[in-house]
Amino acid sequence: MTLNCIIIDDEPLAVRLLESFVTRTPGLALLASFTDSVEAAATVKEGRADLLFLDIQMPDLDGMELARMVPPQTRVIFTTAFKEYAFESYEVKALDFLLKPIRYSKFLSAIDKAREWFSLQPQGGSVTAQNDSVFIRVDGELRQLPLSQIVYVSGMKDYVLFYVAGEHRALITHMTMKAVEEMLPADQFLRVSRSYIVATRHIRKVDRNDCIYIGEEIIHVTEAYQPAFQAYLTQRMKG
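Residues numbered from 1 in each chain as written. Predicted model: local features only at pLDDT ≥ 70, side-chain atom pairs only at ≥ 80, totals over all residues. Heavy atoms only, no water.

Q: Break down the overall build of the chain for me, citing the residues and quoting the values.
A: Along its length, the chain carries seven helices and 15 strands. Expressed as a percentage of contacts within the chain between residues at least 6 apart in sequence, the contacts between residues at least 24 apart total 49%. When the accessible area of the chain is evaluated, it comes to approximately 12,400 Å², of which 50% is carbon and sulfur surface. (Helix = DSSP H or I, 4+ residues; strand = E, 2+ residues; numbered from the N terminus. Contact = heavy atoms within 4.5 Å. Areas by Shrake-Rupley, 256 points an atom, 1.4 Å probe, with all protein chains shown as cover.)

Here it is, written out as structure tokens:
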């Protein structure tokens, strides 16, 4: 699997360093490099890149703004000297966050994460309602999970835990919650907080405090996710 890359950073030295990392790493191909984020935007929107190495603090169009224009099939790896952006980065398609000065070992770790993410994507794009299962990597092996058996998913830093009916323990895999949210079909799963995605078919009840009773867990729907959850409940009550 070859991953096509685009580099965007307003510092020429940072661009050259990343170019050297890309060219010396098997399985990576450099499509283009830019020091002007506005100029880069049109190329990014074409969707030819698998990976986008993106600085955050740039004039005219910063990395966070540009990340919101990225096509669904392109994953972002942020590169910045400011660690305070780390939390915000995972809200905008970020696969990883590299803090400058970037060491090659950290770069390789991010590429491993990218390869794992792309290896889990089925041919032809994201999982759709027609698919009845997903693959996740657990303990070095790919496990096929029927969608009907996934009860809920919780996030824990760079890992997620799949709670599956019939399994005695959670299945842990190295992914972000954002990647899981995009992988699971939206008509069967709902994000209800930063840390939880629930399978709507497994919800037993919802109490007056907007707590979901599912599996052996009680999960609170946080404020940011209330509108989507209330819309789901309204639609189901109409049905």
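Q: Describe the pattern of salt bridges, naming the residues involved and giving the relevant values.
A: All chains considered together, the criterion is met by nine salt bridges. D9 is the salt-bridge partner of K100, the closest N and O atoms lying 2.6 Å from each other. Taken as a pair, K100 in the loop between β5 (94-99) and α5 (104-119) and D9 in the loop between β1 (3-8) and α1 (12-24) lie far apart in primary sequence, 91 residues in all. Residues K100 and D9 agree in their burial class; the two are buried. Between R191 and E181 there is a salt bridge, with the nearest N and O atoms lying 2.8 Å from each other. Placement of R191 in strand β11 (residues 189-191) and of E181 in helix α6 (residues 177-183) is noted, with a sequence separation of 10 residues between them. (Salt bridge = Lys/Arg side-chain N within 4 Å of Asp/Glu carboxyl O. Buried < 20%, exposed > 50% of the residue type's maximum accessible area, 1.4 Å probe, protein only.)

Q: Give a detailed account of the nonpolar core, specifying residues and quantitative values.
A: Here is a general trend for soluble globular proteins: nonpolar side chains tend to be buried in one another's company. Grouped together as the largest cluster of nonpolar side chains are 40 residues, with contacts concentrated most on L51, F53, F107, I150, V153, F162 and L184. Sorting elements by how many residues they give to this core places α5 first, with six residues. Counting residues in each nonpolar core, the second largest holds 21 residues, with A49, L54, V76 and F78 among its members. (Core = buried A, V, L, I, M, F, W, Y, C linked by side-chain atoms within 4.5 Å.)

Q: I'd like a rundown of the sheet that holds β5, residues and numbers included.
A: Sheet architecture is open: five strands sit in the order β2-β1-β3-β4-β5, paired in parallel fashion. The strands lining the two open edges of the sheet, one partner per strand, are β2 (28-34) and β5. On average, adjacent strands in this sheet sit at an angle of 20° to one another, irrespective of strand direction. The sheet contact formed by β1 and strand β3 (residues 51-55) spans four bridges and is parallel. Within β3, the position partnered with I6 by the bridge is L52. Docked against the sheet, α1 engages β1, β2, β3 and β4 (75-80), running at close to 165° with respect to β2. Seen against the sheet, helix α2 (residues 37-45) touches β1, β2 and β3 and runs at an angle of roughly 160° to β1. (Pairing = 2+ DSSP bridges. Axes fitted to C-alpha atoms, helices over the stretch in contact; angles between N-to-C directions.)

Q: Could you give an account of the sheet that holds strand β13 (residues 203-206), naming the residues involved and the relevant values?
A: In spatial order, the strands read β13-β14-β15; together these three strands make up an open sheet with antiparallel pairing. Each edge of the sheet is formed by a strand with only one pairing partner; in this case those strands are β13 and β15 (217-220). In this sheet, neighbouring strand axes are inclined to one another by 25° on average, regardless of whether the strands run parallel or antiparallel. As judged from the four bridges shared by strand β14 (residues 211-214) and β15, these two strands associate in the antiparallel manner. In the sheet register, Y213 faces β15, and the bridge partner there is I218.

Q: Please give an account of the environment of S109 that cites residues and values.
A: Within the fold, S109 resides in helix α5. Through-space distance from the C-alpha of S109 to that of D96 is 9.2 Å; in sequence the pair is 13 residues apart.

Q: Lay out unusual backbone geometry in plain terms, naming residues and giving numbers.
A: Phi is mostly negative for residues that are not glycine, and the peptide bonds are mostly trans. Cis geometry is found at the peptide bond from K100 to P101, where omega equals -5°. Along the chain, P101 falls in the loop between β5 and α5. The phi angle at D60 is positive, at roughly 70°, despite the residue not being glycine. By secondary structure assignment, the location of D60 is in the loop between β3 and α3 (63-67). Overall, D60 belongs to the exposed group, its relative accessible area being 72%.

Q: Go over the pairing of β1 with me, naming the residues and quoting the values.
A: Among the six residues that make up β1, five are buried, leaving the element largely enclosed by the rest of the structure. Taken together, the six bridges between β1 and β2 define a ladder with parallel strand orientation. Paired with I6 across the bridge in β2 is A32. Following the backbone out of β1, through α1 and into the adjacent parallel β2, one traces a crossover that is right-handed. (Right-handed = clockwise from strand over helix to strand, strands pointing away.)

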